[in-house]
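Residue-level listing of the chains:
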Amino acid sequence: QAEWRRYSMQQSFKLHKASAIKIQTYFRASSQSKKYQIARARLINLQSVYRGFAQTKKYQVARARLINLQSVYRGFAQAKKYQQARAQLISLQSVYRGFARTKKYQQARTRLISLQSVYRGFAQAKKYQQARTRLISLQSVYRGFAQEKKYKQACARLISLQSVYRGFAQQKKYTQARARLINLQSVYRGFAQAKKYQQARAQLISLQSVYRGFARTKKYQQARTRLISLQAVYRGYSQ
């Protein structure tokens, strides 16, 4: 009995021990599973937090890079727009300056032509007055010389005719002859004056044409020299 009891106690202890080991195993497995679930949940939560933090950090880095890239692109775009606007402005300035210079040149040219016309008119009028005065003086001198020469020639002829007539005629015949002679002298003087006038007029017209040609050539040379000087002054002013 003692042996049996001991054997029974051993068997019961073994059964209890085996049950206790199974219970411990189950408890440990359940505890380990519960801890694993808790640790897994904490790990998943930690992973989600870390991933959120990593995503936020990546987002911040990407956003900073994007902002930097945007600033670079905007600077490049602004520089390109500035270059285009500057080129357009320079082109517009060149067009405007060309138009302004053309307008100034047209105005200066118009004023210069008006000034030239006024000056030429004044110079022509002055030269005409001087030439006319000289021509009238020359005509008066020539007419006086021609009249004096004709008078001397007529007087010499008349004296010779009178001396011959006086030698052959009487007082009455002398009077008649003198009257006829005076009439003849008047006719002859009119004819001689007309002929001399035609000759003098032809010579004077020829002299006037020569003088006018010379005067016009001289005026043209003077006006051309003044115009070149005035153009040089204007070009210097324009430059």
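Here's what I pulled together on the structure shown here. Not measured: the values here are computed from a predicted model.

1. Here we look at the overall build of the chain
Then, number 1: Across its full length, the chain holds two helices and zero strands.
Then, number 2: A compact globule built from 239 residues should have a C-alpha radius of gyration of about 18 Å, whereas the chain, at 69 Å, is more than 25% larger.
Then, number 3: Burial statistics for the chain: of 239 residues in total, 10% are counted as buried.
Then, number 4: For the chain, the proportion of contacts with a sequence separation of at least 24, taken over those separated by at least 6, is 79%.
Then, number 5: Approximately 21600 Å² of the chain is accessible, and the part contributed by carbon and sulfur atoms is 60%.

2. Description of the side chain of glutamine 208
Then, number 1: Positionally, glutamine 208 belongs in helix H2 (residues 171-238).
Then, number 2: If near-sequence neighbours (up to four positions away) are discounted, glutamine 208 is found in contact with Leu135 and Gln139.

3. Some remarks on the environment of arginine 212
Then, number 1: Here arginine 212 shows up in helix H2.
Then, number 2: Separated by 86 residues in the primary sequence, arginine 212 and lysine 126 place their C-alpha atoms 14 Å from one another.

4. Observations concerning the layout of surface pockets
Then, number 1: Size it by volume and the largest pocket reaches roughly 540 Å³.
Then, number 2: Together, 17 residues line the largest pocket, and Lys104, Tyr105, Ala108, Tyr234 and Ser238 are the ones closest to its centre.
Then, number 3: Mapped by element, the contributors of at least two residues to the lining of the largest pocket are helix H1 (2-168) and H2.
Then, number 4: Sorting elements by how many residues they give to the lining of the largest pocket places H1 first, with 10 residues.

5. Regarding the pattern of salt bridges
Then, number 1: Scanning all chains against the criterion turns up one salt bridge.
Then, number 2: Residue lysine 152 pairs with glutamate 148 through a salt bridge whose shortest N-O separation is 3.4 Å. Within this pair, lysine 152 and its partner glutamate 148 are both found in helix H1, separated by four residues, close to a single helical turn.
Then, number 3: Residue class for lysine 152 comes out exposed when judged on its relative accessible area of 52%.

6. Topic: the environment of lysine 22
Then, number 1: Structurally, lysine 22 can be placed in helix H1.
Then, number 2: With a relative accessible area of 63%, lysine 22 lands in the exposed category.
Then, number 3: Separated by 55 residues in sequence, lysine 22 and alanine 77 have C-alpha atoms that sit 77 Å apart.

Here is what the cut-offs are and how they apply
- Residues numbered from 1 in each chain as written.
- Predicted model: local features only at pLDDT ≥ 70, side-chain atom pairs only at ≥ 80, totals over all residues.
- Heavy atoms only, no water.
- Helix = DSSP H or I, 4+ residues; strand = E, 2+ residues; numbered from the N terminus.
- Rg over C-alpha atoms; globule rule 2.2 N^0.38 Å.
- Buried < 20%, exposed > 50% of the residue type's maximum accessible area, 1.4 Å probe, protein only.
- Contact = heavy atoms within 4.5 Å.
- Areas by Shrake-Rupley, 256 points an atom, 1.4 Å probe, with all protein chains shown as cover.
- 1 Å grid on protein atoms, 1.4 Å probe; cavity = no way out; pocket = protein on both sides within 12 Å on 5 of 7 lines; lining within 4 Å.
- Points joined across faces, edges and corners; volume = space filled by probe spheres on them.
- Salt bridge = Lys/Arg side-chain N within 4 Å of Asp/Glu carboxyl O.

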